[in-house]
Amino acid sequence: MSSLADRPDDPVVGRTVVHESAALHVTGAAMYTDDLAARTHGVLTAWPVQSTVAHALVTLDVAPADDVPGVIHVLTAGDVPGVNDAGVKNDEPLFPAEAMFHGHALAWVLGETPDAARRGAAAVTVSYEPLPSILTVQEAIDAESFQGVARTIARGDAASALASSAFVFEGVSEVGGQEHFSLETHAAFAVREPDGRYFVESSTQHPSETQEIVAHVLGVASSAVTVECLRMGGGFGGKEMQPHGLAAIAALGAKITGRPVRLRLNRTQDITMTGKRHPFHMAWLAGFDAEGRLQALDATLTSDGGWSLDLSEPVMGRALCHVDNAYWIPHFRAHGRVAKTHKPSNTAFRGFGGPQGAFLIEDILGRAAPLLGIDPAELRERNFYRPGHSTPYGQPVKDAQRMPAIWAQVREGSAFDERRRAIERFNAAHRDRKRGLAMTPVKFGISFTFTSFNQAGALVLVYKDGSVLITHGGTEMGQGLHTKMLQVAATALGVELGRVRLAPTRTDKVPNTSATAASSSADLNGGAVKLACEEIRGRLAAVAGRLLDADARDVRFAGGQVFTVGGGGPRLAFAEVVAEAYLQRVQLFAAGYYRTEGLHWDAETQQGSPFKYFAYGAAASEVEVDGFTGASRLRRVDIVHDVGDSLSPQLDIGQIEGGFVQGVGWLTLEELRWDTGDGPTRGRLQTPSASTYKLPSFSEMPEEFHVRLFANAREDGAVYGSKAVGEPPLLLALSVREALRQAVGAFGPEGRSVELASPATPEAVFWAIEAARDADAGPGAPGGHGVSGAGRAGSEGTAGLEGTAGLEGTAGLEGSRGGEGERETSPHGVSQDGDGTVGGGAGAGVLIGTGARGGPGVEQTPGPDGGGTIGGGAGALGGAGAEQTPGPDGGGRVGGEHAAGAEPPASVHPSGEPGATEPGPGEPDATRTGAREPDATEPGILTTDR
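This text gives an overview of the structure that appears in the document. These figures come from a predicted structure and were not determined experimentally. (Residues numbered from 1 in each chain as written. Predicted model: local features only at pLDDT ≥ 70, side-chain atom pairs only at ≥ 80, totals over all residues. Heavy atoms only, no water.)

Some thoughts on helix α17 (residues 574–583)
Structural remark: α-helix, 3.6 residues per turn; residues separated by three or four positions point the same way. Where we set the bar: Three labels apply to residues, based on accessible area from a 1.4 Å probe with only protein chains included: buried if under 20% of the type maximum, exposed if over 50%, partly exposed otherwise in between. Numbering of helices and strands starts at the N terminus; helices are DSSP runs of H or I of at least 4 residues and strands are runs of E of at least 2. As used here, the arc is the angular range of directions from the helix axis to the C-beta atoms. By definition, residues are in contact when any of their heavy atoms lie within 4.5 Å.
Considered for burial, the residues of α17 that qualify are Phe 574, Val 577, Val 578 and Ala 581. The buried side chains of α17 occupy one side of the element, clustering within an arc of 100 degrees when seen end-on. Among the structural elements, β17 (455–462), α15 (481–493), α16 (521–548), β21 (555–558), β22 (561–564) and β23 (572–573) are those in contact with the buried residues of α17. Looking one or two residues beyond α17, the residue adopting positive phi is Arg 585, at roughly 60 degrees.

Next up, the structure:
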């Protein structure tokens, strides 16, 4: 028995091979779930009756449907012999009495044809008793509408570290959801066998859980239900939980009618009925030292879970575990909670919360870099994990040295520094087109955070002619898992790849399987396949040893031949040894079982080592932005990614490319829009098709796309030294968003923080460009974001030098270039004791940015203990900033007069908690920023809201 990572000479793994179903895919011969239904006689079609109200008590009259020709039956709650629930949390009634979102399936009509079923569903009468609805995360926060268990990951003392940090930034980051948009929509096909068993073909990433849900809805044992997944036309996490109820509907229809039932959602149904990637709202405080190193982070993450829990709790758990991304943060607190809204229940999506968590820290670094006066790439590299560091949840960061090595390879291979200088020249020469170039890293933990899921099984059968059939617990959704398993089996048995065949995933062949998710399926199922093959090979070695007159330990298998060490003696064909083994009554099949070792996780304390290892990578992306439209194009991408010793390099590179582009779609194109008004269509999805929901296409592909695998990267303890690849590359797309930030920033003054909505659609980019241009419009323009420094005083007590970052002895940074802040050297100028008065020029001012056409900030009165408060310019169209009242211990609040309807600037107590402010009349301010004046012990605060 070799170690899991050891490879024999000339292995089949590591070779470039084509996808096992490639020929079937390109010729259209590949069979999917609904194709099987189309080949079966007498199949009924199930069609949903959908709610047209976001939240209401409902009463159904199904009698009119019975009069529609071709309608056989209408399934309702009264037909359920078991449990009327489609989930594992008992919060997803299969037939609800309360509609929880616009599009919620209330009943299902069974028809002889799809058209009959559709017309029958339209005939069902639904009476609504409307109830209040919550549609956005902010509405849920305001209403305190949460579900599940909130969790916190903490290390050190974030509050104290923030108080002593040289620079502190505060803000809110929001990132939108994402539709899975698999080419194959959700589908199921169910047959009731004559003996009462049920066979269900389902497009599911989790056949065992589909089996369990079908069984408990039907009120039968799991052994009475067999679920098969032939293949999926895409899944991306959307088919991990949500196929279960649909399969149960098909099976229930088969039970009631005795006929086969198919269920395939059309595209509009698929988008309106099923969950998406979770949108996140993230409020944060981040502290840096004088050299720009992260000192502390305190964040509250709120995800939009939709109407039920689904997988929202573990998604949030992984998000909390990836807020740090690749960065060492000594003092850390991240609190996560799940909002309950009246939308489809959001679910797993490639990355499973990890992308949203990493989004937060990358957004913070992207906003902070220009205010700190540090190049963004340098700021990121300066904060990388180093050997000996551990994560905020207590896991040592294994192979931390890989991150800077990968970073250096990307930087050199992409000619990053030379191209950046060329971009500076381009931007200087072009007023209405700007380019940006950015690098971001990824550190992604691999394993299910629910430890029990880290197990897998496989069944390997060797036939007398030497051919091999394998079945494992993973499902194929186009990612190439089956191809890798064929390579693993061929390597372990020492046979040609063509001698191995793979059977569809079935619950009656491999039971109790985990979902094909968490990027772990090659690790888990590959381990099981390898162990099963090695068990068979060990038996065959004993037979071959007798035939070769050699010790079984000296027998080797490779290329379909069996020989002894050194290869100088006689050779036997693999099939010859197998045939002899059969004659000697040697078992030629084996079940393999693998469990990931070394994992432990305490869900209550959120501490432990939940991941087997980390996958690392880095990307450099260059964009060009049109200043008139906000449209952008991706000029070039360079990626180096760590997949260990690749099982199948061509597949892995394809996964890196596909994951990256899917991430680009999430961050720049794919915008889900809901009707949030108070009219009759409140809660309706307004982007229910490819005509309204923008997906990446060939036109969004980079003009140059360079992907390399990190070399010499064997991962001990993983199958043949490989690493997972499915999810981590998606996070590399954050480099595109950061490149857009750089390009937008080039339309305005240097040293200004750029806020960018997500997704950064052309519309969002355009308005960010307008904000940058306004900041560069001269006196009276809106101020940028201010930042205060609590570090060393500037020379001769200077209050803050225009355009500098607050480092190297400078106490503060000018908020914008709207006007020149006065350079005060009065007795109250900023000093080591931090007391001083700061004046602001028109539309600007040290330490705080202002709105458009703002008047000058007034001189401030120092607070007690030397901490003067800070005055700012006015809000949009407002007058001069009002004189401020000192806060206790020098922590004065920030104020300023606002024009009609303006929101006040945020304010902060000395403790760092948000302080209350009173709204003033006037129009909204162009930006909402707040700050407090630093002293020797108090940090400055940058507040940004979106």
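Okay, back to it.
Description of the sheet that holds strand β24 (residues 589–595)
To keep it simple, the criterion reads: Strands pair, by our definition, only if DSSP identifies at least two bridges between them. Angular values range over 0 to 180 degrees, each being the angle between N-to-C directions of two axes fitted as lines to C-alpha atoms, with helices fitted over their stretch in contact.
Here four strands make up an open sheet; going across it, the order is β19-β18-β17-β24 and the pairing mixed. A single partner strand is all that each edge strand has here, and the edge strands are β19 (500–502) and β24. Averaged over all pairs of adjacent strands, the angle between strand axes in this sheet comes to 25 degrees, irrespective of strand direction.

Re the packing of α16 against α17
The condition that has to hold: Just so you know how the angles are binned, under 35 degrees is roughly parallel, over 145 roughly antiparallel, 65 to 115 roughly perpendicular, and the rest oblique. For this classification, Asp, Glu, Lys and Arg are treated as charged, while Ala, Val, Leu, Ile, Met, Phe, Trp, Tyr, Cys and Pro are nonpolar and the rest, including Gly, are polar.
Viewed as axis vectors pointing N to C, α16 and α17 meet at an angle of 100 degrees, and their least axial separation amounts to 9 Å. Overall, the two elements α16 and α17 adopt an arrangement that is roughly perpendicular. Two secondary-structure elements touch here, α16 through Leu 540, Val 543, Ala 544 and Leu 547 and α17 through Phe 574, Val 577, Val 578, Glu 580 and Ala 581. Broken down by class, the residue content of the contact of α16 with α17 amounts to eight nonpolar, no polar and one charged.

Description of the pattern of salt bridges
Applicable threshold: Each reported salt bridge corresponds to a side-chain nitrogen of Lys or Arg within 4 Å of a carboxyl oxygen of Asp or Glu.
Counted under the stated rule, the structure contains 57 salt bridges. Here Arg 420 and Asp 417 are joined by a salt bridge, their closest N and O atoms 3.2 Å apart. Of this pair, Arg 420 and Asp 417 are both found in helix α14 (residues 416–429), three residues apart, which corresponds to roughly one turn of the helix. Beyond isolated ion pairs, a larger network of salt bridges with shared partners links Glu 362, Asp 363, Arg 367, Arg 380, Arg 737, Glu 738, Arg 741 and Glu 755.

Quick word on the packing of helix α7 (residues 207–218) against helix α8 (residues 243–257)
In helix packing, the relevant descriptors are the interaxial angle and the interaxial distance, both defined with respect to the helix axes. We apply this condition: We call a crossing left-handed when the near helix sits turned anticlockwise from the far one by less than a right angle, and right-handed when that turn is clockwise.
The N-to-C vectors of α7 and α8 enclose an angle of 45 degrees; their axes lie 9 Å apart at closest approach. Classified by the angle their axes make, α7 and α8 are oblique. Note on packing geometry: the crossing formed by α7 with α8 is right-handed. Packed against α7, whose contacting residues are Glu 209, Thr 210, Ile 213, Val 214, Val 217 and Leu 218, the element α8 presents His 244, Ala 247, Ala 248, Ala 251, Leu 252 and Lys 255 at the interface. Among the residues forming the contact of α7 with α8, the class breakdown is eight nonpolar, two polar and two charged.

Topic: the packing of aromatic side chains
Quick note on the threshold: The criterion for an aromatic pair is that two Phe, Tyr or Trp rings (for Trp, the six-membered ring) have centres within 6.5 Å, with stacked assigned to planes under 30 degrees apart, edge-to-face to planes over 60 apart and tilted to the rest.
Enumeration according to the criterion identifies 15 aromatic pairs in this entry. Summarising the aromatic geometry, the rings of Phe 181 and Tyr 693 are spaced 6.3 Å apart at their centres and angled 5 degrees between planes, so their arrangement reads as stacked. On the criterion of sequence distance, the pair formed by Phe 181 in the loop between β8 (167–175) and β9 (187–192) and Tyr 693 in the loop between α18 (649–668) and β29 (704–709) is long-range, its members being 512 residues apart. For the pair Phe 181 and Tyr 693, one class covers both residues: buried. Where Tyr 393 meets Phe 611, the ring centres are 6.0 Å apart and the plane angle is 80 degrees; that geometry is what we call edge-to-face. Here Phe 611 lies in the loop between β26 (607–609) and β27 (613–626) and Tyr 393 lies in the loop between α12 (376–382) and α13 (402–413), a separation of 218 residues in the sequence. According to the relative accessible area criterion, Tyr 393 is buried, its value standing at 1%. Classification of Phe 611 by relative accessible area gives buried; the value is 2%.

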